[in-house]
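Chain by chain, the residues:
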Amino acid sequence: MSAGLRESVAINGRLGFGVYLIPGFPDWDTSLAAVRAAVAAGVDFVEFPILLDAGFSASTGSVVAEALAKAGPDTLDPRSSRLREWLAEAPVRVGIVYRSAWPAADDWRAGDEILSGCAGLLCEHDIRPFPEYAARARRRGLALVPPLRVTAGHLTDEEAGVLGSGDGFVYLALSAETGRAGTIDDGLGRRIGDIRRIRPDLPVYTAFGIRDADDVAAVARQGADGFIVGSHALTVLGHGVPAFERWLAGMTAARSAQASADLLENFR
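Since this is a predicted model, take the numbers as computed values, not measurements. (Residues numbered from 1 in each chain as written. Predicted model: local features only at pLDDT ≥ 70, side-chain atom pairs only at ≥ 80, totals over all residues. Heavy atoms only, no water.)

This part takes up the pattern of salt bridges. Within the structure shown, the criterion is met by 15 salt bridges. R128 serves as the salt-bridge partner of D126, at 3.2 Å between the closest nitrogen and oxygen. Just as D126 is exposed, R128 falls in that class too. When the shortest N-O distance is used, the salt bridge between R128 and E158 registers 3.3 Å. (Salt bridge = Lys/Arg side-chain N within 4 Å of Asp/Glu carboxyl O. Buried < 20%, exposed > 50% of the residue type's maximum accessible area, 1.4 Å probe, protein only.)

Here it is in structure tokens:
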């Protein structure tokens, strides 16, 4: 399954697009319509939360925290039949794991059923040592996505170790908190270059603060293979499914337009 996620997100001819959605937000029917709309629009994978309580790390911003609280524990229960119904709508899904579900490498608390059909996992909390968690995930046939942040310096030894043991794709955060916009400039491009020198086999997806077509074009110019939207997707969804569908159409058009622009540039 690790290789399967890598193949699913390594998109030829256009940028990859992932979206974080929450079952039950802003209500059950809307959340079900949203995941169906995302798949119909051509989103490459859907992220969803795996948690047992309302505890979050500092990287979870207010939009996501409030959406999780509104969805409620019954819908988000890893063993609920409703959650399985929602997940069945997404062919490629990546579980965002919170500390309550996986507090230590050898202490998985969310049960095995939630992992059925998952292509990979990405931890919301700071997990150390990362290679131990990655080894546990591999034993279950799952990729553990390596998370990194854009910083001014070169990769540290610890970050190189995360890259070396992770799989699926690289989750490259533009800021320290979900929903907070980061600066998209040459520093992102240098970070992507450093990552590719160690793991040229892994697509690099940018996240945190991406909202619109301009952001898509900006990360593409710096060499990203794809992008993930969470907080802004939830904000738009709060205005209803039609608004969410219009936003999805704009984002999928933006990634295709950017791919066409890159192709034309190669012929000049």
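This brings us to helix α6 (residues 130–139). Along α6, the positions that sit buried rather than exposed are F130, Y133, A134 and A137. Looking down the long axis of α6, one finds its buried residues gathered within 100° of arc, a one-sided arrangement. The secondary structure elements touched by the buried residues of α6 are β5 (143–144), β6 (147–149) and α7 (157–165). Among the residues trailing α6, G141 stands out with phi positive, at a value near 75°. (Helix = DSSP H or I, 4+ residues; strand = E, 2+ residues; numbered from the N terminus. Arc of directions from axis to C-beta. Contact = heavy atoms within 4.5 Å.)

What follows deals with the pairing of strand β1 (residues 16–20). Two faces belong to every sheet, and in a regular strand the side chains alternate between them. With 5 of its 5 residues buried, β1 lies for the most part within the structure. On β1, burial covers both faces: G16, G18 and Y20 on one face and F17 and V19 on the other are all buried. As paired elements, β1 and strand β9 (residues 226–229) share 4 bridges and run parallel to each other. Pairing of G18 across the sheet is with I228, part of β9. Examined bridge by bridge, β1 and strand β2 (residues 45–50) share 3 bridges and lie parallel to one another. Residue pairing across strands places Y20 opposite E47, the latter belonging to β2. (Pairing = 2+ DSSP bridges.)

Moving on, we get to the environment of I228. Note that I228 resides in strand β9. The buried category is assigned to I228, whose relative accessible area is 3%.

Further remarks concern the sheet that holds strand β8 (residues 204–207). Overall, parallel pairing links the 9 strands, which are arranged β5-β4-β3-β2-β1-β9-β8-β7-β6 in an open sheet. If you trace the sheet from one side to the other, it starts and ends with β5 and β6, each paired once. Of the strands in this sheet, β6, β7 (170–173) and β8 touch helix α8 (residues 186–198), which is tilted by about 155° from β7. (Axes fitted to C-alpha atoms, helices over the stretch in contact; angles between N-to-C directions.)

By the element assignment, D167 lies in the loop between α7 and β7. Accessibility expressed as a relative area gives 13% for D167, which makes it buried. Looking at D167, its side chain comes within polar contact range of the side chain of R6, at 2.8 Å. (Polar contact = N/O pair within 3.5 Å; in protein donor to acceptor, adjacent residues only side chain to side chain.)

This part is about the environment of V39. Here V39 shows up in helix α2 (residues 28–41). Distance from V39 to V204, taken between C-alpha atoms, is 21 Å for residues 165 residues apart in sequence. Those residues in contact with V39 that sit more than four places away from it in its chain are E89, A90 and P91.

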